[in-house]
Every structure is written in C-alpha cells, then in structure tokens.
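# Architecture at a glance
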Amino acid sequence: MAGNPERRAALVDAGIEVLAREGARGLTFRAVDGEAGAPTGTASNYFTSREDLLRQIDARLHVRLAPDPEVLETLLRRPRDRSLVRALMQDIMDRATGDRTGYLALLEMRLEATRRPELRASFTKSVRGDLEQGIEFHRQSGLPGGDETVTVLYLAMLGLILEHLTLPGVLDGVLDGVGVPEGLVDRIVTTIVPEG
C-alpha cells in the first residue's frame, strides 16, 4: 500500500466529492482517481478495499466538519446561557452550509451504513462517539439543560441540516417571518433549551 500522506488525503477528499455527488454506488476507485486527477489505479494502491476507503472517508469527515478551535474558543468566552447554545448551533449550521459536500457525503455514509453491516458498526460507533462528546462538552461547559437537551438538539439540528441541504425549499416560509436556516436555528434553541 502506497505511503504518500498528501496523496492519500487528496484521494480521500476526492472520495468525499464523489460520494456526495454520485452516492455510494458511484464511489469507485476509478471515479476517485478521476476526481483527484490521479492516474487510473492510484486509489487501489492506497486503499485495500472500498470498505477501507469508506472508513477513511468517515475519519476525514470528522476532521473536516469539526468546529474551528479558534471559533470555539471565542464563543466560549461568552456567558453560559441560551444565547451561547444558539451561537454554537449556528456554528454547526454554518459549517454544514460551508462544507455542503462534506455533510452530503456524511448523509450518504448513513445510507450506505444501512446496507453494509461492517460499515454500520464502525459508523455507528463514530457517530455515537460524536453525540457522547457533545453531551460531555455541554456538561463540562456548564451550558443550560442536561443530556436530554443535547439529545433533542442533536435530533432537531440533524433534521434541519438534512432538509436545508437536500430540499431547501421545503422550509421556506413554513413559519411566517422566520428565516431559513438562521431563524429556524433560533426557534430550535428557544424551544428546546431552558433559559437558566
């Protein structure tokens, strides 16, 4: 297996592009090579199998979609109240729209995990780890609400991201005077997060 880390990263990012655009069925080594501008056969030198590529895409998506440490540090200087939770949720939405391809690839990974038990196990573990990390972050940061608040926020934001990235017109005008997605982020936080 080839060992150039920059080439491997470029191939994984190309895989994310293919996955987001073509779905899991279109994710072939040939398609990844083409997206990366690499000679045919390059991806097969870097990944032992399609499952290996999917696992590495999963790991890369968690890096690409993670919060910017500087943004997080700036936000955490604010009081630990509902407005901070709103800002944190808006940051999630900004990252989703800023890396639409990454989030669409993440959604494709979810779909592919329903078809592949081995991927389901590893992907479930990584997504569950993210949720548990979010719950722990909420606890450690002293934000209002508890584990239930974080879990319901997670579900609501996941639904908003799904609709906004896949069928954005569905939410336009659904609530009079509420903008999409910013206004809906505000409504989600106001409805779920206690004031104190």
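Quick look at the structure, then. Note that this is a predicted model, so its numbers are computed, not measured.

If you tally the helices and strands in the protein chain, you get 10 helices and 0 strands. Across the protein chain, helices and strands are ordered from the amino to the carboxyl terminus as α-α-α-α-α-α-α-α-α-α. When its C-alpha atoms are laid out on the principal axes, the protein chain stretches across 55 × 35 × 30 Å. Evaluated residue by residue, the protein chain yields a buried proportion of 39% over its 196 residues. Carbon and sulfur atoms make up 54% of the accessible area of the protein chain, which amounts to about 10,400 Å² in all.

Moving on to the nonpolar core. The biggest cluster of nonpolar side chains holds 51 residues, and the ones touching the most others in it are Leu27, Ile57, Leu61, Met89, Met109, Leu153 and Leu160. Counting residues per element, the ones that place at least two in this core are helix H1 (5-22), helix H3 (42-46), helix H4 (50-64), helix H6 (82-98), helix H7 (100-115), helix H8 (117-141), helix H9 (147-166) and helix H10 (182-192). Once residues lying within four places of it in the same chain are set aside, the contact partners of Leu160 are Met93, Leu171, Pro181, Leu184, Val185 and Ile188.

Another aspect to go through is the environment of Thr114. The topology assignment puts Thr114 in helix H7. The class of Thr114 is exposed, set by a relative accessible area of 53%. Once the C-alpha coordinates of Thr114 and Gly3 are considered, the two residues, 111 residues apart in sequence, prove to be 31 Å apart.

As a further point, take the environment of Phe123. Along the chain, the position of Phe123 falls in helix H8. Among the residues examined, Phe123 registers a relative accessible area of 4% and is labelled buried. Separated by 65 residues in the primary sequence, Phe123 and Asp58 place their C-alpha atoms 7.2 Å from one another. Setting aside chain neighbours within four positions, we find Phe123 in contact with Asp58, Leu106, Met109, Arg110 and Ala113.

For the rest of this paragraph, the subject is the pattern of salt bridges. All told, the structure shown has 16 salt bridges when counted by the stated rule. Residues Arg60 and Asp13 are paired through a salt bridge, measuring 2.9 Å at the closest nitrogen-oxygen approach. Of this pair, Arg60 sits in helix H4 while Asp13 sits in helix H1, and the two are 47 residues apart along the sequence. For Arg60, a relative accessible area of 27% corresponds to the partly exposed category. Among the salt bridges present, the one from Asp13 reaches Arg64, with a minimum N-O distance of 3.2 Å.

This part covers the packing of H6 against H9. It is the contact of H6 with H9, at a shortest axis distance of 11 Å, that shows an interaxial angle of 35 degrees. Crossing hand, H6 versus H9: right-handed. The segment H6 lies against H9, with Val85, Met89, Ile92, Met93, Ala96 and Thr97 engaging Leu153, Met157, Leu160, Ile161, His164 and Leu165. Among the residues forming the contact of H6 with H9, the class breakdown is 10 nonpolar, 2 polar and no charged.

Once that is clear, we can look at the packing of H4 against H7. Running from N to C, H4 and H7 cross one another at 135 degrees; their axes reach a closest spacing of 10 Å. As far as their axial angle goes, H7 and H4 are oblique. In this structure, H4 meets H7 at a crossing whose hand is left-handed. Packed against H4, whose contacting residues are Arg50, Leu54, Ile57, Asp58, Leu61 and Arg64, the element H7 presents Thr101, Gly102, Ala105, Leu106, Met109 and Glu112 at the interface. Here the contact of H4 with H7 is built from residues that sort into 6 nonpolar, 2 polar and 4 charged.

As for its position among the elements, Thr42 is in helix H3. Under the relative-accessibility criterion, Thr42 is labelled buried at 9%. In terms of polar contacts, Thr42 uses its side chain to reach the backbone carbonyl oxygen of Pro39, at 2.6 Å. Excluding its chain neighbours within four sequence positions, the residues that come into contact with Thr42 are Arg7, Leu11 and Asp33.

Definitions and limits used
Every chain begins its residue count from 1, and numbering advances along the sequence as written. Per-residue local features are limited, in this predicted model, to residues with pLDDT of at least 70; the limit for side-chain atom pairs, both in listing and counting, is 80 or more; totals at the level of whole chains, interfaces and linings are taken over all residues. Side-chain measures here rest on the full set of heavy atoms in the structure, leaving out hydrogens and waters. Helix numbering and strand numbering both begin at the N terminus, where a helix is a DSSP run of H or I of at least 4 residues and a strand a DSSP run of E of at least 2. Relative accessibility decides the category of a residue: with a 1.4 Å probe and only protein chains considered, values under 20% of the type maximum give buried, values over 50% give exposed, and everything between is partly exposed. In these tables, accessible area is a Shrake-Rupley quantity obtained with a 1.4 Å probe, and a residue counts as shielded only by the protein chains included in the view. Note on terminology: a nonpolar core comprises buried Ala, Val, Leu, Ile, Met, Phe, Trp, Tyr and Cys residues joined through side-chain atoms within 4.5 Å. Residue contacts are counted whenever heavy atoms from the two residues lie within 4.5 Å of one another. Salt bridge, as used here: a side-chain nitrogen of Lys or Arg that lies within 4 Å of a carboxyl oxygen of Asp or Glu. Inter-axis angles, ranging from 0 to 180 degrees, are taken between N-to-C directions of lines fitted to C-alpha atoms, where helices are fitted over the stretch in contact. Note on convention: near helix rotated counterclockwise from far helix by under a right angle means a left-handed crossing. Clockwise means right-handed. Amino acids outside the nonpolar list (Ala, Val, Leu, Ile, Met, Phe, Trp, Tyr, Cys, Pro) and the charged list (Asp, Glu, Lys, Arg) are all regarded as polar, and Gly is one of them. When describing relative orientation, an angle under 35 degrees is termed roughly parallel and one over 145 degrees roughly antiparallel, while 65 to 115 degrees is termed roughly perpendicular and anything else oblique. Counted as a polar contact is a pair of N or O atoms within 3.5 Å, where, for protein atoms, one must be capable of donating a hydrogen and the other of accepting one, and residues adjacent in sequence contribute only when both atoms are in side chains.

As far as function goes, none of this settles anything; it's purely spatial.
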